[in-house]
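Reading the structure
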Amino acid sequence: MKPINTSVFMSELGSLAAYGEYSEEIAAKSAKKAFVPVNHLGSELSPYLLQHAKNPVGWYPWGPEAFEVARREDRPIFLSIGYSSEHWCHVMERDSFNDPEVAGFMNETCIPVKVDREEHPELDNLFMEVCRLQNGSAGWPLNIFLLPDGRPFFCTTWLPKRTTGQMPGITDLMPRIKWLWKVQPEDIERAANELYEMVKERFEILSGAKNRTGGRIGKLKVYEAFNDIRRVFDIRWGGFGKAPKFPEPNKLLFLLKQAEETSGASKRDKSDAATIVDVTLRRMWRGGIHDHLGGGFSRYAVDERWLVPHFEKLLCDQAMLLLVTAKAQELNQNSFHRLMAEDIIFCITRYFTDNNSYSQGFRSAIDGDTPEGEGRYYLWNENEIKQILPEGDAGLFCAAYAVLPSGNFSNEVAGSQMSWNILYEASTVNELAKRYGIKGSEVGKRLYECRKLLLEYRDKRYPLRSDNKVLMGWNGLMIGALARASVVFEQTEWREIAERAALFLGKSLPDKSNNWRRCWIDGHATLEAITEDYAFFLWGVIELYKAAKHFNAGERQLNDWITMAKTLADTMLQKFWDDKNGGLYLSHENSQYEFIRMKSAEDINSLPSANSFAVIALNELAMILEEKNYSDQARKIIGCFSHYASENPLACISLLTADLIWKPVKKKPEPVPEVKPIPTDEELNAPEPELTVQNDLKDSDSRRAARAARRERAERTATSDRAERAERRSARAHRTARTRER
């Protein structure tokens, strides 16, 4: 669909350029009578909201209070969505939201509302789609102006304080919004109506309400999707497209499914699919996106070679890459896959768990920014390394990881070369062994010891902030990935880590009415669970069941996991199922101030769509329980989105994978009740066989009593059956007599 043309509305915003004196007058008044209103985020639990709790901006959390104030004071809402570990969210908080001048403009113009996207992914998905429609792209921080009824009329992303080139500054934008609101409110209403109609039309297509076929996606469309991926594959550096580069695990999982023996693809296509995955994983492993000391992977790299990352680490990224690694090992056993899996799990147990806390779940994110600057925690200079490592090993390590005297790390904004180095693998062990005339095993051992020493030193630096939210959905992904990896690599302790997390969620997230909460933090379970929480955790619990069965767990444990999975599936279908068109809505029916209820099968960055994982999980559950209805529901989800996914395969690549996985399940046959024949008189009077059971039945009195009791039961049964037969004969005779009378 063609994006909304915002030039008219932007020209109206820009028309205030002719009123420069007015803008200066507003700015002068704002500076003169600036005030600091009440910031309402101080009692929130989200680390992201608490980062803004001391801003001079009068922030509200998302909820009815903010909308009520906006209606009462007749002001627009400024909704800002971000998350705690995102670099540009930190930049805007530091340069704009913490600035008294900017705060003055915001507090006079609008009602500011802050949202943590990890707490409210349904809002993030909704307004991201709105921003893409209006501007053609979206990102974080995501900033949207809303009417008091919740309808958006203008969207943007990161804003500098002052206008820079084509990028409007927030100090210029706010007065223009205020002027339009007061002087030309009909233009804002018109913009909101146009945007709403476009969003409504777009969501009708996304949700399957339009052009719904009800069928499956089809092999031809799957093949076309595979060719699309093959075309954008970077043969030299791995991954897809140009910079910035994301790991895109959903595409990798699709390729691994294509590479399977049973996929139906040609031999060449299978080979190409496996090669694309292998090259991408190995290039990422060597790059700076990989933390060579502490393990795990950053969210994305700003260059095509994976060298310079944005340094935040998200739980969902680690989970999806661990799943990719486990499935790659299933396809082709390789020591590299084991190394990568161990590396990710080392990162998870070290940074995403808290052994000193009651929580056994996984925290959501590790920040990459420190007071010393973005990524400084991960950067090194050559002299620093030479002081830490033994003299003979420092040169070897610097050669292995591209450490230069002048540095190899460039500032993303300024483009200037710094004196700092990001570690990436510039030479392999074999290359170093050949260069220095040392055995490869010796090189590997020395580099391992160097990494240990540098990690110990790095641990003493200013600690990274972590987002301690335990999210039901993201934990479900990690639980499932750990369970799958434990089976593939035969590591039962990984399964035990996953089990502890699942049991913690099962104990901590359901409320007294057995409604699940999606977030646990500091001893509090908050926010109603939504579709992605149920779908991801359901899949994780099923993977735990399969792992428990693989490791020969007891029947009781297997029943417990299946009972939990069935409860999650039933609740998800009850709360989010679309009875009219099939598929699962992404939010609750009664979500306040959500101007439209979204339903989609599009993936969001590294996260698969909730509907695609619901297909996989429901179908797995159907096969385990032999209950056809779950498989039918999964099939209906595919049918709901199949047309849109066929037209937009790369956006819905997880649904294509789910469609390849789906298998029909036959209805479980109902047991036929056993009909026992009526005993004859000879059988009733037949002598009893010698009893050889309990000692207390061996005496003759006990045997006689037992025989009498059995005979009495048999006679009662026979009498009852005779009476029933007599009653049926009487009924037939009665009907025959009435027929003759007629």
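Before reading further, recall that the structure is shown in the block above.
Just so we're clear, the structure is a prediction, and the values are computed from it rather than from any experiment.

Concerning helix α22 (residues 555-576)
With 22 residues, α22 should cover 32 Å at 1.5 Å per step; its first-to-last C-alpha distance of 32 Å lies within 8% of that length. As for α22, its buried residues are in contact with α19 (472-488), α20 (492-508), α21 (531-550), α23 (610-625) and α24 (628-647).

A word on the packing of helix α10 (residues 219-232) against helix α11 (residues 249-259)
In contact at an axis separation of 11 Å, α10 and α11 are set at 120° when each is read in the N-to-C sense. Relative to α11, the element α10 lies oblique. Once α10 is placed against α11, the crossing between them reads as left-handed. Judged by residue contacts, Val 222, Ala 225, Phe 226 and Ile 229 of α10 engage Lys 251, Phe 254, Leu 255 and Gln 258 from α11. The residue makeup of the contact of α10 with α11, split by class, is six nonpolar, one polar and one charged.

Brief notes about unusual backbone geometry
With an omega of 0°, the peptide bond between Trp 140 and Pro 141 qualifies as cis. As for its placement among the helices and strands, Pro 141 is situated in the loop between α7 (121-135) and β4 (142-146). Put simply, Ala 243 and Pro 244 share a cis peptide bond, and its omega is -5°. If you trace the backbone, Pro 244 turns up in the loop between α10 and α11. Even without being glycine, Asn 514 reaches a positive phi, approximately 65°. Its place among the elements puts Asn 514 in the loop between α20 and β14 (517-521). According to the relative accessible area criterion, Asn 514 is partly exposed, its value standing at 43%. The phi dihedral of Glu 626 falls on the positive side, at around 55°, and the residue is not glycine. Mapping Glu 626 onto the fold places it in the loop between α23 and α24.

Quick look at the environment of Pro 309
Among the structural elements, Pro 309 can be located in strand β7 (residues 309-310). Here Pro 309 falls in the buried class, since its relative accessible area comes to 2%. Sequence-wise, Pro 309 and Gly 375 are 66 residues apart; in three dimensions their C-alpha atoms are separated by 8.6 Å. When residues no more than four places from it in sequence are discounted, the contact partners of Pro 309 are Gly 288, Ile 289, Ser 298, Tyr 300, Ala 301, Glu 374 and Ile 422.

Some details on the pairing of β4
Along a regular strand, successive side chains alternate from one face of the sheet to the other. Burial of β4 is extensive: five of the five residues sit out of reach of the surface. Residues Leu 142, Ile 144 and Leu 146 of β4 are buried on one face, and the alternating residues Asn 143 and Phe 145, pointing to the opposite face, are buried as well. Where strand β2 (residues 77-82) and β4 come together, five bridges link them in antiparallel fashion. Counted as the bridge partner of Phe 78 is Phe 145 from β4. Where β4 and strand β5 (residues 152-156) come together, four bridges link them in antiparallel fashion. Residue pairing for β5: Phe 145 is matched across the bridge by Phe 154. Between β4 and β5, which pair antiparallel one after the other, the connecting turn spans five residues, and Gly 150 there sits at a positive phi close to 100°.

A few points about the side chain of Arg 484
Tracing the sequence through the fold places Arg 484 in helix α19. By relative accessible area, which is 11% here, Arg 484 ends up buried. At a separation of 3.4 Å, a polar atom in the side chain of Arg 484 contacts the side chain of Glu 330. Residues in contact with Arg 484, not counting those within four places in the same chain, are Leu 323, Ala 326, Lys 327, Glu 330, Glu 543 and Lys 546.

With respect to the sheet that holds strand β15 (residues 524-528)
Strand order across the open sheet formed by three strands is β13-β14-β15, with antiparallel pairing between neighbours. Edge strands, defined here as strands with exactly one partner in the open sheet, are β13 (470-471) and β15. With four bridges connecting them, β14 and β15 associate as antiparallel partners. If you follow Cys 519 over to β15, its bridge partner there is Thr 526.

Cut-off values and rules
Residues numbered from 1 in each chain as written. Predicted model: local features only at pLDDT ≥ 70, side-chain atom pairs only at ≥ 80, totals over all residues. Heavy atoms only, no water. Helix = DSSP H or I, 4+ residues; strand = E, 2+ residues; numbered from the N terminus. Expected span 1.5 Å × (residues − 1). Contact = heavy atoms within 4.5 Å. Axes fitted to C-alpha atoms, helices over the stretch in contact; angles between N-to-C directions. Parallel < 35°, antiparallel > 145°, perpendicular 65-115°, else oblique. Left-handed = near helix turned anticlockwise from the far one by under 90°. Nonpolar A, V, L, I, M, F, W, Y, C, P; charged D, E, K, R; others polar. Buried < 20%, exposed > 50% of the residue type's maximum accessible area, 1.4 Å probe, protein only. Pairing = 2+ DSSP bridges. Polar contact = N/O pair within 3.5 Å; in protein donor to acceptor, adjacent residues only side chain to side chain.

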